[in-house]
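Structural overview for review
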Amino acid sequence: MVEWTECERATIKDIFAKLDYDSVGPAALSRCLIVYPWTQRYFSKFGNLYNAAAIMGNPNVAKHGKIILHDLERGVKNMDNLKETYADLSVLHSETLHVDPDNFKLISDCLTIVVASRMGKAFTGEVQAAFQKFLAAVVSALGRQYH
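Small disclaimer: the values here were computed from a predicted structure and weren't measured.

Moving on to the layout of surface pockets. Estimated volume of the second largest pocket: approximately 190 Å³. Lining the second largest pocket, in full, are Met1, Val2, Trp4, Met79, Asp80, Asn81, Leu82, Lys83, Ala137, Ser140 and Ala141. When residues of the lining of the second largest pocket are traced back to their parent elements, those giving at least two are helix H5 (82–85) and helix H8 (125–142). Top element by residues in the lining of the second largest pocket is H8. It accounts for three residues. Across the lining of the second largest pocket, the residue classes tally to seven nonpolar, two polar and two charged.

Next up on the list: the pattern of salt bridges. Applying the stated rule across the entire model yields six salt bridges. Close ionic contact of Lys133 with Glu8 constitutes a salt bridge, the shortest N to O distance being 2.9 Å. Placement of the pair is Lys133 in helix H8 and Glu8 in helix H1 (residues 6–18), with a sequence separation of 125 residues. Through salt bridges with shared partners, one network takes in Glu6, Arg9 and Asp80.

Before going further, it helps to spend a moment on the packing of H1 against H8. Across the interface, H1 lies against H8 with an axial gap of 9 Å and an inter-helix angle of 85°. By the angle between their axes, H1 is roughly perpendicular relative to H8. Taking contact as the criterion, the partners of Glu8, Thr11, Ile12, Ile15 and Phe16 in H1 are, on H8, Val127, Ala130, Phe131, Lys133 and Phe134. For the contact of H1 with H8, the class distribution of residues is seven nonpolar, one polar and two charged.

Rules of the game
Residues numbered from 1 in each chain as written. Predicted model: local features only at pLDDT ≥ 70, side-chain atom pairs only at ≥ 80, totals over all residues. Heavy atoms only, no water. 1 Å grid on protein atoms, 1.4 Å probe; cavity = no way out; pocket = protein on both sides within 12 Å on 5 of 7 lines; lining within 4 Å. Points joined across faces, edges and corners; volume = space filled by probe spheres on them. Helix = DSSP H or I, 4+ residues; strand = E, 2+ residues; numbered from the N terminus. Nonpolar A, V, L, I, M, F, W, Y, C, P; charged D, E, K, R; others polar. Salt bridge = Lys/Arg side-chain N within 4 Å of Asp/Glu carboxyl O. Axes fitted to C-alpha atoms, helices over the stretch in contact; angles between N-to-C directions. Parallel < 35°, antiparallel > 145°, perpendicular 65-115°, else oblique. Contact = heavy atoms within 4.5 Å.

Everything listed here is a matter of coordinates, which is why it stays silent on function.
Okay, structure coming up:
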């Protein structure tokens, strides 16, 4: 179980309260699919993913990027119980979709970059540390079915 300071809790909640899910989610998933092209294999039903422009303009990618952020928001609301919060998603990704758990880390890194670019100077070292701690805890919870 992850121990959270009140400052970390407040920081994480503040970040998610200010995120524009309609742009941040699609940007993060697009970045992941472009920078790590092998991740595209999990999205074969999404249609045209042949180049960066196609990925960034793909409505299925945009929709799934928003879903990712809404699923992360569930974690923000349940920070003390992430394993239980993500149990069903963990099973889905491991047993049904056969997603390599390393991909959760890749999308979290891409999300960090997008959030940092949107927040600018407000994305201080403290903010980054809290955000990455939260994402690492979620990645761990999602990957638990693999161990």
